[in-house]
Amino acid sequence: MRILVVDDEVRLADGVRRGLEAEGFAVDVANDGVDGLWRAREHRYDAIVLDLMMPGMSGWKVVEALRAEENWTPVLMLTAKDGDWDQVEAFESGADDFVTKPFSFAVLVARLRALIRRGAVARPTVLEAGDLRVDPAARRAWRGEVEVELTSREFAVLEHLIRHRGQVLSKREVIAGVWDDDFEGDPNIVEVYVGHLRRKLDRPFGRSAIETVRGAGYRLAADGG
């Protein structure tokens, strides 16, 4: 799942980014409203964490612009202001939820996952490909009735593949969806995690759900292999 964090408090934004990445999210950061709006227009995100008060362009204006363009990406507003009317204005501008600074990171993650689960459009709570099932909110995966333990990054790669089941994804596309725009490592890291998933989800069950498409990338079979 890919998240955009927009906050002019650089240390706070970086802390939120690191925390969300530890939870398995791919995170992009913008430190002002103008850059945040540009990124939200140029990229597809599962949710946006948006500061309310920023110089140049406030969170109110950012979310109003997105909604006017019929961009319905879920928005979680962050603010140091906790007045009732501030919350009312945030919701009326188009925000989906509201968290007051200072906040509990666990609560932030829980609310963010709830927004993503609801989504900008209707989407199933549990993603399925044959007998392979993935619950993004609970971060659990099963092959048939057997639950398979995955690391945060393994789960993120699997979730990205199952959301695009039946489609061929290049290594760069997987990196964009699971890591972030600033990733400068070896693209073959995708191959490493695909290998982990095959060892956990395919081979023990006599399956071959994750296919290598030579010269193109990887595809998770729509029927789960």
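In what follows, the structure referred to is the one given above.
Please read these numbers as outputs of a predicted model, since none were measured by experiment.

Asks: Could you give me a rundown of the sheet that holds strand β4 (residues 75–79), with the residues and numbers involved?
Replies: Here 5 strands make up an open sheet; going across it, the order is β2-β1-β3-β4-β5 and the pairing parallel. Each having just a single partner strand, β2 (26–30) and β5 (97–100) make up the two edges of the open sheet. Taking each pair of neighbouring strands and ignoring which way they run, the sheet shows an average axis angle of 20 degrees. Note that strand β3 (residues 47–51) and β4 share 4 bridges and pair parallel. Bridge pairing in β4 links Ile48 to Val75. In the packing of helix α1 (residues 10–22) onto the sheet, contacts are made with β1 (2–6) and β2, and the angle to β2 comes to roughly 170 degrees.

Asks: Could you give an account of the nonpolar core, with specific residues and numbers?
Replies: With 27 residues, the main nonpolar core has Val157, Leu158, Trp179, Leu197 and Leu220 as its most contacted residues. The set of elements that each furnish at least two residues to this core consists of β6 (127–129), β7 (132–135), α6 (152–163), α7 (171–178), α8 (189–202) and β11 (217–220). In terms of residue count, the dominant contributor to this core is α6 (6 residues). Apart from residues lying up to four places away in sequence, Leu220 is in contact with Ala129, Leu132, Leu161, Ile162, Arg165, Gly166, Gln167, Ala209 and Ile210. Counting 20 residues, the second-largest nonpolar core is a separate cluster that includes Leu4, Leu37, Ile48 and Ala95.

Asks: I'd like a description of the sheet that holds strand β9 (residues 146–148), backed by residues and values.
Replies: Either a parallel or an antiparallel arrangement is found when strands of a sheet pair, and the pairing is made through backbone hydrogen bonds. Across the sheet, 4 strands lie side by side as β6-β7-β8-β9; this open sheet has antiparallel pairing. The open sheet has two edge strands with one neighbour each: β6 and β9. The sheet shows a mean angle of 25 degrees between the axes of neighbouring strands, taken without regard to direction. Where strand β8 (residues 140–143) lies against β9, 3 bridges are found, and the strand directions are antiparallel. Its bridge partner lying in β9, Ala141 is registered against Val148. Strands β6, β7 and β8 of the sheet are contacted by α6, whose axis makes an angle of about 115 degrees with β7.

Asks: Let's hear about the pairing of β2: which residues, and what values?
Replies: Burial analysis of β2 places 4 of its 5 residues in the buried class, which makes it a mostly covered element. Examined bridge by bridge, β1 and β2 share 5 bridges and lie parallel to one another. Its bridge partner lying in β2, Leu4 is registered against Asp28. Each parallel crossover has a hand, and the one from β1 via α1 to β2 is right-handed.

Here is what the cut-offs are and how they apply
Residues numbered from 1 in each chain as written. Predicted model: local features only at pLDDT ≥ 70, side-chain atom pairs only at ≥ 80, totals over all residues. Heavy atoms only, no water. Pairing = 2+ DSSP bridges. Helix = DSSP H or I, 4+ residues; strand = E, 2+ residues; numbered from the N terminus. Axes fitted to C-alpha atoms, helices over the stretch in contact; angles between N-to-C directions. Contact = heavy atoms within 4.5 Å. Core = buried A, V, L, I, M, F, W, Y, C linked by side-chain atoms within 4.5 Å. Buried < 20%, exposed > 50% of the residue type's maximum accessible area, 1.4 Å probe, protein only. Right-handed = clockwise from strand over helix to strand, strands pointing away.

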